[in-house]
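# Structural features, examined
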Amino acid sequence: MPATSASSASYVRFSDKLTDGMNDISKIIQDNKQTMDSIQEIGIEMTTTIAAIGGAVIKYVKMIDGFLDTVVPLIEKVPFIDKKIVNFAQDAQKLSQTILDACNNSEKVAGDVNSALTKGDVGKLKGYAGDLKNLSKGLQGVAARIK
């Protein structure tokens, strides 16, 4: 029996190592709790704002799109209107649809990210990183076409 207690004192217990590691992690989380919570709150407010802006833009673009859906066919039928004007009207109609699609997509992604932030679902948040990058590229492309 004495050999067992001597051998048990001569090694580091896994449980002690794991406990020390967990205590370190817990301390890091506590030290950064306020920062992490602030980042989460900012993310929630940003996604709420993006969804609200997207909703307003969608209403506005739908109004313009409806106008263009009515006017473009009329312009196309008028024989003395310059082809450049007809092309401009057709391009505006296509652009309004592109903007509408991008806004619908941004509203959906913002809502999904907001939900994941609100629920603290880190796994889902990781999945939305690619969606947000694609959304950003798409919106930048739309903005470039408007210039």
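The structure this text deals with has already been given above.
What comes next is a walk through the structure. Please read all numbers here as calculations on a predicted model, not as lab measurements.

What counts, and at which threshold
- Residues numbered from 1 in each chain as written.
- Predicted model: local features only at pLDDT ≥ 70, side-chain atom pairs only at ≥ 80, totals over all residues.
- Heavy atoms only, no water.
- Helix = DSSP H or I, 4+ residues; strand = E, 2+ residues; numbered from the N terminus.
- Rg over C-alpha atoms; globule rule 2.2 N^0.38 Å.
- Buried < 20%, exposed > 50% of the residue type's maximum accessible area, 1.4 Å probe, protein only.
- Contact = heavy atoms within 4.5 Å.
- Axes fitted to C-alpha atoms, helices over the stretch in contact; angles between N-to-C directions.
- Parallel < 35°, antiparallel > 145°, perpendicular 65-115°, else oblique.
- Left-handed = near helix turned anticlockwise from the far one by under 90°.
- Nonpolar A, V, L, I, M, F, W, Y, C, P; charged D, E, K, R; others polar.
- Expected span 1.5 Å × (residues − 1).
- Bend = angle between axes of the 7 residues up to and from the residue.

## What to know about the overall build of the protein
What the protein contains, in helices and strands, is four helices and zero strands. Listed N to C, the secondary structure of the protein is α-α-α-α in terms of helices and strands. On C-alpha atoms alone, the protein measures out to a radius of gyration of 28 Å, which is more than a quarter above the 15 Å that the 2.2 N^0.38 rule sets for 147 residues. A principal-axis box enclosing the C-alpha atoms of the protein has dimensions of 110 × 25 × 20 Å. Taken across its 147 residues, the protein has 20% of its residues classed as buried. Summarising the internal contacts of the protein: among those between residues at least 6 apart in sequence, 71% fall at separations of at least 24.

## As for the packing of helix α2 (residues 14–77) against helix α3 (residues 83–119)
Across the interface, α2 lies against α3 with an axial gap of 7 Å and an inter-helix angle of 160 degrees. Considered as vectors, α2 and α3 are oriented roughly antiparallel to each other. Considering how the two elements wind past one another, α2 and α3 form a crossing that is left-handed. Residue classes in the contact of α2 with α3 are distributed as 18 nonpolar, 14 polar and five charged.

## Overview of α2
In this model, α2 (64 residues) spans only 83 Å end to end at C-alpha, well below the 94 Å of a helix rising 1.5 Å per residue. The principal kink in α2, of about 60 degrees, is found at N32. What α2 keeps buried is the set G43, I44, T47, G54, G55, I58, V61, D65, L68, V72 and I75. The elements touched by buried residues of α2 are α3.

## Details of the environment of A52
Among the structural elements, A52 can be located in helix α2. By relative accessible area, which is 51% here, A52 ends up exposed. A52 sits 55 residues away from E107 along the chain, and the two C-alpha atoms are 8.0 Å apart.

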